[in-house]
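Coordinate analysis (summary)
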Amino acid sequence: MIPKIVLTSGHVDFLKKVSELSGQVVTQCDQCGTCSASCPMVDGMDITPAQMMRLVQLGRREVLESKAMWICASCFACTVRCPRGLDLSKVAEALRQIQLRQAIDHIDIKSIPKDEIERLPQIALVSGCRKFTG
Amino acid sequence: MIPYFPGCTLKTKADFFETSALRVARCLGTELIELPRWNCCGTVTSLTSDDLIHHVAPLRDLIRVEDMNTSGEIYQEYRLVALCSMCFHVLKRAHLRVMQNPGELEKINNLMYLESDYQGKVSVLHFLELLRDIGFPKIQRTVKRPLAGLRVSPYYGCLLLRPKEVAIDDPEDPAILSHLLEALGAEVINNPFKTRCCGSYQTVCDKAAVAELTFDILSRARQEGAECVITSCPLCMFNLADRQKEVREKHPEFEPMPVLYFTQLMALAFGLDDVCGFDQNAVDARPLLQEKGLSTRGAS
Amino acid sequence: MSSTEFTSREQSQMKRTGVYVCHCGGNISEVVDVKRVAESVLGQPDVVLAKTHEHMCSETGQNLVINDIKEHRLDRIVIAACSPQFQGPTFKATLDKAGLSPYVLEMANIREQCAWPHFGFPGEATRKAMSLVGMALAKVDLDEILKKLTFPIGRRVLVIGGGIAGIQASLDLGDAGFDVYLVEKEASIGGKMMQLSRTFPTEDCAACILSPKMADVAANRNIHMLTYSEIENIEGYLGHYEVTVKKKPTYVNPDKCTCCGDCVDVCPAVAPNELDQGLLSRKAIYLPSPIAVPHAYVLDIKACLGLLPIACGKCKEICDPGAVDFNMRPELIRFTVDTIIVATGYDIFDAGQKKVYGFGQYENVVTALDVERMIVHAAEGNPMRPMGKRIAFIQCVGSRDEQVGNESCSRICCMYATKLSQLLKRSDPSRDIYVFYTDLRAYGKGFEEYYKRAQGDGVKFIRGRPAELVEDPRTKKVTLRAEDTLTRTIIESEFDLVVLSVGLRPNEGTEAIAKLLRLGKSPDGFLQEAHPKFRPVDTLTDGVFLAGTVQGPKDIPDTVAQASAASSRAIRLMNRGEYDVDPVTAFVHVESCDGCGLCVDRCPSQALSLSANVAVINEALCKGCGSCIAHCPKAALDLHCYTNDQMLAQVRAALSDKEGPDVRTLIFADDMTGYRLADNVGTAKMSYALDSRIIRVPSCSRVTPQLMLQAIALGADGLILCESEKNSNPYPHSVPTIMSHVSKAKEILGQVDIAQDRIHFVQFVTVMLAGFVNNINRLSEIARKLGPIPAEPLQRLSQDMDKKLFGGDHDS
């Protein structure tokens, strides 16, 4: 089903919030797609990084339901390649934080099997908790 | 004597990374002393504009370096060396953040009222930068056992090279590990995927994705002719080495590829056989080394 | 150079001033009570009459002035109406028609800078209008009877660069009877166009249309071609540019060379062929191109094994006509010209800088210019290399990319890729050709149609910018990764050949020329035009014009148009044999000058010198910025049309109607931006503090620390200097000069305990309307908060002001 949207000022609020939280002028993204093509994790994503920017530009809150920002590995490949000089990693972080700050964790530590926890180095557990829990 | 920040994993699962590094440094005439009362850096840098609290931890570590100078423990030494790529990244970015935002520095300093104020003097270095400063010719002269015939592929990962403000080399065309390996006498094999992310913290909840990345990175290295891969980060090490188990679940034909810390090869080359730590690698490199006539005597 | 006689500055015994206040069709009179304003000046000495009129600029309005001048023997005119930047020239011409000097006119800007911004406050606006007229009266009272400055100019032009822009400009000028020196650094004229295969959108053969033009240049008796030559030095000014050119020896006499080519066969030395971007080779002795002009062989001394017989000498031996001449030496050629056209062109972006694309490492990654050469050779039946079946074009390489430091678009790449892809497709329809773009810019005549044709031919356009290329170590084929942003899918595909559509950068020789001629650069790195809309081929250096891609990326039609425009601008200056300039130049009060010489090094245009122990000003060089004035401890330096006395008189008049708790702020606004901006603010009907009074200056560097302090001593509560920002300022040194003046004035304020915050300096661009308003309002607020200056500091300020300004060091 093709979604139909009506652009209202409510959409601008969401755009403003993400722009402020990320410190990026999201409206300057010209959708060239370099970020998506650079992203090592894009194959597993439901929307591409450029698409994520587009949804934010249009103020569409449903971007918060997507999986893409959780699959991001914060590798900064998009950051060093964006021809407009935008930092997409910060936009992804802003979207994650909007969810996490509402106490909606992305992973449940308790559900990770014990042997896996023992196997994982601290660096993985700490970074995983930082990125996926509030 | 230069202060050195170990970070959590180097004290436990990756302790052989630390041991080999410290000995290698000593061999080159540099004493790395562990930062007193250091705390975990946080592993990742907080990327939102309004979050100051997550910069407190890394800044405290930087303050320790300034304290060491004030107390006279070291003299005019404001460099802080990190081994782990993630620690290096977080510490350096914390410093840059407060340098670019003096208002934020003031707030953080005020919050940590029991600590001295951070003056902004610390220069965060990765161990590779220190080696570059020491000079690859000197490293070459220190080599006792050239790694001749060993085909090694450098793997940088992300956080040493991106974003540009922390990069220790050109993000798209880094050469520092190649120069190091050449100095050690090894044959350097270029891997076009040397700067592709290993998956980082996704290893916690999405092993499959990490396995795919590892498969791509290591297969390509092999295709280019590499016999082993070196890295500088305990998380990269885990994803590239430990996760080969998961790679074989999906790609049963995948041959194990030894992954080592670059300091292990340095130790091997310098003849510091007791700290090479080859018994601790997830993928045993000793058969390969033996084949090349480079095996160590003794326990490690 | 004839110096102008300024009729003596003795003011006539009785000044007879006419004052006219314009209704401006209601624009002014709806807010300002124009009758009251006119009546208010009637009592003033020297004012013979004061009238109002509906439209002063109309023919009846102008005739009114002309008749009054004749009937009432008026010798000074004040017109209170719109901005002098608007109708100033009109009224100057009016005075001229009436037989008066155009420079005894002053305009009070009561429209853009009074009625319009203060439309909500008619009472105050009227009072302000009266004050502005008072200021104009104070200034006109001291106007000198000046004439336009006229300088002679000849008919000689230097054209730097022999590409299509330089060629077109030379032909236009040569045909018009002007003497042209065309200097080109390569051995042949023709530039980049000579390397192209076909041109878009018509697919003409580039060499075929260029060749006759090149032949015309050679045949034109008025054009002196200096090829294999570079500019060593240029000194001087409009009408008198002294040029030194270094001509490199080609070691082949072009008059004797028959182009038989025998020398090539015997030459043992090989070098990369520049014409083919180094992809093919040539000999050390070679013909630069099949259509080279001058049409003669050239010996590249760097590739040659050596001129001594022991080294080689084979070409000389075999040359039948004896054209090869090892005795040629570099020559220094000197000549003088009146105007200069800079047409140094572009270089393509160095694709090796974009490391992710592997240019220089991967053998199957090439640039578009490489492909032009491949197509030329393939068409001749000598293919350079296999092109393969699967070809990808990557757009925006080196353009629109902050990672390589160039944000701008290079304009022509979309079209040349559309062209190359079509040419390749049509020469082998089995090819699979893709163009990876972000936007497809087909803006020009016939462009959209040409793009549609390409799509119809089967060239596939994919909207996504490739992130990286990876080479297969065995097959050497290149894998490309991009997002098809239109379907949100990731493309990972292998190609036989990847073509980088490289952008345009300024030619490397341009930097040296720009320095020599003091030419500014735009943010994109190309040379800056004097005004982006109205003076697109002029530069801020008089007599120097730009043509072609040196000013910015453009295609061939635009280049040719611009070249003709530049010629026309040069002809405009030279055609009458003389040119006029407003007499806004510095002058010396000889009786006060003690020959100390401190001013000489301070002139940014090097117009000041000492002669017979007195300062002398070269009017041809003087730009009228006024920077020198502040440096004279004897107040011997001054500026025509904005004299020291006039500045002070305006300040006095501006403060004269201050009553009681009134606050009064003075705004010094430069011609180029500050004053224009104030007009724009008024035109936009944006309001600001009524207590402000704007004083026009050519540049705020004219505002000396002395003037600032005198203004404060006389009652100004706040001062703000509004100036063009450094990059767009016609006076390149004004910003640092102003900063130093302001800092000096503030220092002295500090010494006498007056708040330094009373003086502000802000740089503007003409679009910063809100910024202007905010700054004016802020100053008023600060002045109000600080309150009036108490008597004691004011007195201390006035004491020994000279000593405060010049005592000790003259470092301002």
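Residues numbered from 1 in each chain as written. Chains lettered and ligands numbered in written order. Predicted model: local features only at pLDDT ≥ 70, side-chain atom pairs only at ≥ 80, totals over all residues.

**Some details on the overall build of chain B**
Helices and strands together make up the secondary structure of chain B, namely 12 helices and eight strands. If one aligns the C-alpha atoms of chain B with their principal axes, the spans along those axes are about 60 × 40 × 35 Å. For chain B, with 300 residues in total, the buried portion stands at 53%. In chain B, of all internal contacts separated by at least 6 residues, the share reaching a separation of at least 24 is 77%. (Helix = DSSP H or I, 4+ residues; strand = E, 2+ residues; numbered from the N terminus. Buried ≥ 20, exposed ≤ 12 C-beta atoms within 10 Å, placed from the backbone. Contact = placed C-beta atoms within 7 Å.)

**Things to note about the overall build of chain A**
Summing up its helical and strand segments, chain A has eight helices and zero strands in all. For chain A, the sequential pattern of α-helices and β-strands runs α-α-α-α-α-α-α-α. A globule of 134 residues ought to have a C-alpha radius of gyration of about 14 Å, and chain A, at 16 Å, matches this closely. Considering chain A as a whole, with its 134 residues, one finds that 48% of them fall into the buried category. Residue pairs at least 24 apart in sequence account for 66% of intrachain contacts in chain A once pairs closer than 6 positions are excluded. (Rg over C-alpha atoms; globule rule 2.2 N^0.38 Å.)

**As for the domain arrangement of chain A**
As assigned here, chain A comprises domain 1 (9–102) and domain 2 (107–134). Just the C-alpha atoms count here: the centres of domain 1 of chain A and domain 2 of chain A sit 24 Å apart. (Domains from an automatic or database assignment.)

**Examining unusual backbone geometry**
Leaving glycine aside, a negative phi is the common case for residues, and trans is the common case for peptide bonds. At the junction of Phe 200 of chain C and Pro 201 of chain C, the peptide bond is cis and its omega measures out at -5 degrees in the coordinates. Mapped onto the elements of the fold, Pro 201 of chain C is located in the loop between β8 (198–199) and β9 (204–205). Here the phi dihedral of Arg 37 of chain B falls at roughly 55 degrees; this positive angle occurs in a residue that is not glycine. Take Arg 37 of chain B: it is sitting in the loop between β2 (32–34) and α2 (53–70). Assessed through the 9 C-beta atoms surrounding it within 10 Å, Arg 37 of chain B is described here as exposed. Notably, Glu 203 of chain C is not glycine yet its phi reads approximately 60 degrees, a positive angle. The residue Glu 203 of chain C is located in the loop between β8 and β9 in this model.

**Focus on the interface of chain C and chain A**
Each partner contributes residues to the interface: chain C has 16 residues there, and chain A has 17 residues. With three residues, strand β25 (residues 478–484) of chain C is the largest single contributor of residues to the side of chain C that touches chain A. For the side of chain C that touches chain A, the residue count by class is four nonpolar, four polar and eight charged. (Nonpolar A, V, L, I, M, F, W, Y, C, P; charged D, E, K, R; others polar.)

**A short note on the packing of α2 of chain B against helix α3 (residues 85–100) of chain B**
Residues and elements named next belong to chain B. Remark: α2 packs on α3, axes separated minimally by 9 Å, with the N-to-C direction vectors making an angle of 95 degrees. Comparing their axes, α3 and α2 come out roughly perpendicular. Where α2 abuts α3, its residues His 55, Pro 58, Leu 59, Asp 61 and Leu 62 lie against Val 90, Leu 91, Ala 94, His 95, Arg 97 and Val 98. Taken together, the residues of the contact of α2 with α3 sort by class into seven nonpolar, two polar and two charged. (Axes fitted to C-alpha atoms, helices over the stretch in contact; angles between N-to-C directions. Parallel < 35°, antiparallel > 145°, perpendicular 65-115°, else oblique.)

**Remarks on the packing of helix α1 (residues 34–41) of chain C against helix α5 (residues 122–140) of chain C**
All names here are of chain C. Put simply, α1 and α5 touch, their axes get as near as 9 Å, and they point 40 degrees apart. In terms of orientation, α1 and α5 fall into the oblique class. Crossing hand, α1 versus α5: right-handed. Contacts between α1 and α5 involve Arg 36, Val 37, Ser 40 and Val 41 from the former and Thr 126, Ala 129, Met 130, Val 133 and Leu 137 from the latter. Here the contact of α1 with α5 is composed, by residue class, of six nonpolar, two polar and one charged. (Left-handed = near helix turned anticlockwise from the far one by under 90°.)

**So, the domain arrangement of chain B**
Where interface size is quoted, it is often the accessible area lost as the parts come together. Residue and element names in this part refer to chain B. Domain parsing of chain B yields domain 1 (2–128) and domain 2 (135–291). Here the C-alpha centroids of domain 1 and domain 2 sit 25 Å apart. Taken together, the 23 residues of domain 1 in the interface contact 26 residues of domain 2. Looking at the side of domain 1 that touches domain 2, the elements with two or more residues in it are α1 (15–27) and α3. Examining the composition of the side of domain 1 that touches domain 2, we find that eight residues originate from one element, α1, more than from any other. Here the residues of the side of domain 1 that touches domain 2 sort into 13 nonpolar, six polar and four charged.

**Here we look at the sheet that holds strand β20 (residues 365–367) of chain C**
All names here are of chain C. On the basis of which strands lie adjacent, the open sheet formed by five strands has the order β20-β27-β21-β22-β23 and parallel pairing. Since the sheet does not close on itself, it has two edges, and those belong to β20 and β23 (460–463), each with one partner. The average angle at which neighbouring strand axes cross in this sheet is 25 degrees, direction not considered. Inspection of the sheet shows β20 paired to strand β27 (residues 497–502) by three bridges, in the parallel sense. Counted as the bridge partner of Thr 367 is Leu 500 from β27. (Pairing = 2+ DSSP bridges.)

**Some thoughts on the environment of Leu 272 of chain B**
All names here are of chain B. Topologically, Leu 272 is positioned in the loop between α11 (262–270) and α12 (286–291). Accessibility expressed as a C-beta count within 10 Å gives 22 for Leu 272, which makes it buried. In this structure the C-alpha to C-alpha distance between Leu 272 and Cys 205, which are 67 residues apart in sequence, comes to 38 Å. Setting aside anything within four residues of it in sequence, one finds Leu 272 in contact with Arg 23, Val 24, Cys 27 and Ala 267.

**Some remarks on the pairing of strand β24 (residues 468–471) of chain C**
Residues and elements named next belong to chain C. Where β24 meets β25, four bridges bridge the pair, whose relative direction is antiparallel. When the bridges of β25 are listed, Val 470 appears paired with Thr 479. Taken together, β24 and the strand that follows it, β25, pair antiparallel across an intervening segment of six residues, in which Lys 476 is found at a positive phi of about 65 degrees.

**Remarks on the sheet that holds strand β5 (residues 151–154) of chain B**
Residues and elements named next belong to chain B. Read across the open sheet, the four strands follow the order β6-β5-β7-β8; overall the sheet is parallel. What marks the edges here is a single partner per strand, and that holds for β6 (187–188) and β8 (259–261). In this sheet, strand β7 (residues 228–231) lies alongside β5 in parallel orientation, the contact comprising three bridges. Across the sheet, residue Ser 153 finds its bridge partner in β7, namely Val 229.

**Digging into the nonpolar core**
If you look at the biggest cluster of nonpolar residues, it comprises 141 residues, and the most contacted ones within it are Leu 80, Ala 82, Leu 91, Val 229 and Leu 240 of chain B. Non-local contacts of Val 229 of chain B, meaning those with residues more than four positions away in its chain, are made with Ser 153, Tyr 155, Leu 218, Ala 221, Leu 240, Met 257 and Val 259 of chain B. Of all hydrophobic cores here, the second largest spans 110 residues; its members include Ala 129, Leu 137, Ile 629 and Ala 678 of chain C. (Core = buried A, V, L, I, M, F, W, Y, C linked by C-beta atoms within 7 Å.)

**A look at helix α15 (residues 644–655) of chain C**
Structural remark: α-helix, 3.6 residues per turn; residues separated by three or four positions point the same way. Residue and element names in this part refer to chain C. With 12 residues, α15 should reach 16 Å at 1.5 Å per residue; the first-to-last C-alpha distance of 17 Å fits that figure. Turning to α15, its buried residues are Asn 644, Gln 646, Met 647, Gln 650, Val 651, Ala 653 and Ala 654. In this fold, the buried residues of α15 make contact with α5, β34 (637–639), β35 (665–670), β36 (692–697) and α17 (705–713). (Expected span 1.5 Å × (residues − 1).)

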